[in-house]
Amino acid sequence: MNLINRPRRNRKSKAVRDAVAETCLRASSLIQPLFVAEKTKDIESLFDQKKLSLKDLRTFCETKLKNSKIMGVLLFASIDESLKNTQASEALNEKGLLPEAVRIVKEVCPHLEVLTDVALDPFSSDGHDGLVVGGEVLNDQTVEILKKMALVHAKAGADWVAPSDMMDGRVSEIRAHLDEHGFENVNILSYTAKYASAFYGPFRSALDSTPKFDDKKTYQMDFRNKTEALRELSEDLLEGADMVMVKPALSYLDVIAKFKENSDVPVAAYNVSGEYAMVKLAAKQGLIDGEAVQNEILTSILRAGADVILTYSALEVEQLLGARP
Ligand code: PBG
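Now for a description of the structure that goes with this document.

## Re the overall build of the protein
Right, on to step 1. Scanning the protein for helices and strands turns up 11 helices and 12 strands.
Right, on to step 2. What you see for the protein is a C-alpha radius of gyration of 20 Å, in line with the 20 Å of a compact globule of 325 residues.
Right, on to step 3. Oriented by its inertia axes, the alpha-carbon framework of the protein measures out at about 75 × 45 × 40 Å.
Right, on to step 4. Sequence separation of at least 24 residues holds for 76% of the intrachain contacts in the protein that already meet a minimum separation of 6.

Dropping the structure here:
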């Protein structure tokens, strides 16, 4: 054949392939979600993940996080059912599990960014992200609680607060409330386009936070929509979000790409529990090479346009990246 162009020439050796690689997965773009609880316990639905007691969280920081170069950790509290109520009042406890966990990570690993999830579902006896009255998830009343919750986290030392509730107008209210109290340097990572997704199953069973009635479709987005995500994006940018997130990630690469085109702040994507569990389970069954598939998935999320990825595999991937020749 008389070919001028032979694209294979640029793939002929590892050295060439590495030199021309367009997307590079690095630990510094990854955030590891961590769960804290009264007692340490394996999370069955999430394979290698555990809920950590505060004591074990400290040890984890000393042994696993101290030398880590990931961007940071996103903290979730798994509280006892007896502490949950309709007002989600434990969410505002300054001495609660979450603020204590923030203090521990900041003390042992000051080089890491500490992010906290801001939503009521892990604290609410209704299992909804907002305040429920008469079967309805109220918007404005929920935002009143969320902004106080964000302040509790900021006071404990959180570097970022991440509202995951999808109430309207919460970013600007949280921003104003943090600023009023002198926390203008605390960033907001907004869950901007968070879809009502069946991929959150393993996370909800980890926190026993499945909604007690209905679903989350009156506040989380309809997965049939993309233009609507741009509306959420414009709002969050106007309201002062420092980073905007798409969630889940893998089935929403088109939305991530749209965000990258239209956002002047960095874009994050959440590789959620169901995405992680599918890979782990298939690997366990010997159907796929789990490490290779996870690497490919995370790279595809970056290639779509994400700057930062929240993934349960962050620390594991960091180890593998370090180990690779
Ligand atoms: C809480 C919250 C959820 C997740 C992150 N924050 C669950 C939900 O909205 O029901 C899901 C994370 C995951 O599945 O990994 N608002």
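## Thoughts on the site of the ligand
Right, on to step 1. Neighbouring residues of the ligand: 17 residues in total, closest Lys194, Arg204, Lys247, Ser273 and Tyr312.
Right, on to step 2. One nitrogen or oxygen atom from the side chain of aspartate 129 is found 2.9 Å from a nitrogen atom belonging to the ligand.
Right, on to step 3. Tyrosine 312 is positioned with one of its side-chain polar atoms (N or O) 2.6 Å from an oxygen atom of the ligand.
Right, on to step 4. Burial of the ligand by the protein amounts to 100% of the accessible area it has alone, namely 400 Å².
Right, on to step 5. Judged by the fraction of its atoms near the pocket grid, the ligand is located in the largest cavity.

## Side note on the packing of aromatic side chains
Right, on to step 1. Inspection of the entire model under this criterion finds eight aromatic pairs.
Right, on to step 2. Pairing phenylalanine 76 with phenylalanine 203 gives two aromatic rings, centres 4.9 Å apart and planes at 75°, and the pair type is edge-to-face. With a gap of 127 residues between them, phenylalanine 76 in strand E4 (residues 72-78) and phenylalanine 203 in helix H6 (residues 201-207) connect regions that are remote in the sequence.
Right, on to step 3. With a relative accessible area of 12%, phenylalanine 203 lands in the buried category.
Right, on to step 4. Members of the aromatic cluster, joined through ring pairs, are Phe35, Phe76, Tyr191, Phe203, Tyr270, Tyr276 and Tyr312.
Right, on to step 5. Between the NZ or CZ atom of lysine 247 and the centre of the ring of tyrosine 200, over which it lies, the distance is 4.7 Å.
Right, on to step 6. When the ring centre of tyrosine 270 is taken as origin, the NZ or CZ atom of lysine 247, which lies over that ring, is 4.6 Å away.

## Remarks on the layout of surface pockets
Right, on to step 1. Counted as a void, the second largest pocket has a volume near 500 Å³.
Right, on to step 2. Around the second largest pocket, the lining comprises 19 residues; the ones closest to its centre are Asp48, Phe60, Lys64, Leu315 and Glu316.
Right, on to step 3. Of all the secondary structure elements, the ones that give two or more residues to the lining of the second largest pocket are strand E1 (30-37), strand E3 (50-52), helix H2 (54-65) and helix H11 (314-323).
Right, on to step 4. In the lining of the second largest pocket, the residues fall into six nonpolar, seven polar and six charged.

## Comments concerning the state of the cysteines
Throughout this description, disulfide means a covalent bond between two cysteine sulfur atoms.
Right, on to step 1. In the structure shown here, the tally under the stated rule is zero disulfides.
Right, on to step 2. We note that cysteine 109 lacks a disulfide partner, and the nearest cysteine sulfur, in cysteine 61, lies 4.6 Å from it.

## Focus on the nonpolar core
General note: in soluble globular proteins, nonpolar side chains tend to be found buried as a group.
Right, on to step 1. If you look at the biggest cluster of nonpolar residues, it comprises 78 residues, and the most contacted ones within it are Leu57, Leu65, Ile70, Leu75, Ile256, Phe259 and Ile301.
Right, on to step 2. The biggest single contributor to this core is helix H4 (residues 140-156), with eight residues.
Right, on to step 3. Once you skip the residues sitting within four places of it in the chain, phenylalanine 259 turns out to touch Thr192, Ala193, Ala229, Leu233, Val244, Met245, Val246 and Val267.
Right, on to step 4. In this structure, Phe76, Tyr191, Ala206 and Leu310 belong to the second largest nonpolar core, which totals 25 residues.

## As for unusual backbone geometry
Right, on to step 1. Cis geometry is found at the peptide bond from lysine 247 to proline 248, where omega equals -10°.
Right, on to step 2. Of note in this structure, alanine 88 is not a glycine but carries a positive phi near 55°.
Right, on to step 3. In this structure, alanine 88 sits in the loop between E4 and helix H3 (97-108).
Right, on to step 4. Not every positive phi belongs to a glycine, and methionine 166 is a case in point at roughly 65°.
Right, on to step 5. Mapping methionine 166 onto the fold places it in the loop between strand E8 (160-163) and helix H5 (170-180).
Right, on to step 6. For methionine 166, a relative accessible area of 4% gives the class buried.

## So, the pattern of salt bridges
Right, on to step 1. Evaluated as defined, the whole model comprises 21 salt bridges.
Right, on to step 2. In this structure, aspartate 236 engages arginine 170 in a salt bridge whose closest nitrogen and oxygen atoms are separated by 3.9 Å. Taken as a pair, aspartate 236 in helix H7 (residues 227-239) and arginine 170 in helix H5 lie far apart in primary sequence, 66 residues in all.
Right, on to step 3. Under the relative-accessibility criterion, aspartate 236 is labelled buried at 3%.
Right, on to step 4. Classification of arginine 170 by relative accessible area gives buried; the value is 1%.

## A word on the pairing of strand E9 (residues 187-194)
Residues in a regular strand project their side chains so that they alternate between the two faces of the sheet.
Right, on to step 1. Of all eight residues that make up E9, seven are buried, and the element is covered over most of its length.
Right, on to step 2. In this sheet, E9 lies alongside E8 in parallel orientation, the contact comprising two bridges. Bridging across to E9, tryptophan 160 finds its partner in asparagine 187.
Right, on to step 3. The parallel pair E8 and E9 is bridged by H5, and the resulting crossover is right-handed.

What counts and how
Residues numbered from 1 in each chain as written. Predicted model: local features only at pLDDT ≥ 70, side-chain atom pairs only at ≥ 80, totals over all residues. Heavy atoms only, no water. Helix = DSSP H or I, 4+ residues; strand = E, 2+ residues; numbered from the N terminus. Rg over C-alpha atoms; globule rule 2.2 N^0.38 Å. Contact = heavy atoms within 4.5 Å. Near = heavy atom within 4 Å. Polar contact = N/O pair within 3.5 Å; in protein donor to acceptor, adjacent residues only side chain to side chain. Areas by Shrake-Rupley, 256 points an atom, 1.4 Å probe, with all protein chains shown as cover. 1 Å grid on protein atoms, 1.4 Å probe; cavity = no way out; pocket = protein on both sides within 12 Å on 5 of 7 lines; lining within 4 Å. Sits in = over half its atoms within 2 Å of the grid points. Phe/Tyr/Trp six-rings, centres within 6.5 Å; stacked < 30°, edge-to-face > 60°. Buried < 20%, exposed > 50% of the residue type's maximum accessible area, 1.4 Å probe, protein only. Lys NZ or Arg CZ within 6 Å of the ring centre and 35° of its normal. Points joined across faces, edges and corners; volume = space filled by probe spheres on them. Nonpolar A, V, L, I, M, F, W, Y, C, P; charged D, E, K, R; others polar. Disulfide = S-S within 2.5 Å. Core = buried A, V, L, I, M, F, W, Y, C linked by side-chain atoms within 4.5 Å. Salt bridge = Lys/Arg side-chain N within 4 Å of Asp/Glu carboxyl O. Pairing = 2+ DSSP bridges. Right-handed = clockwise from strand over helix to strand, strands pointing away.

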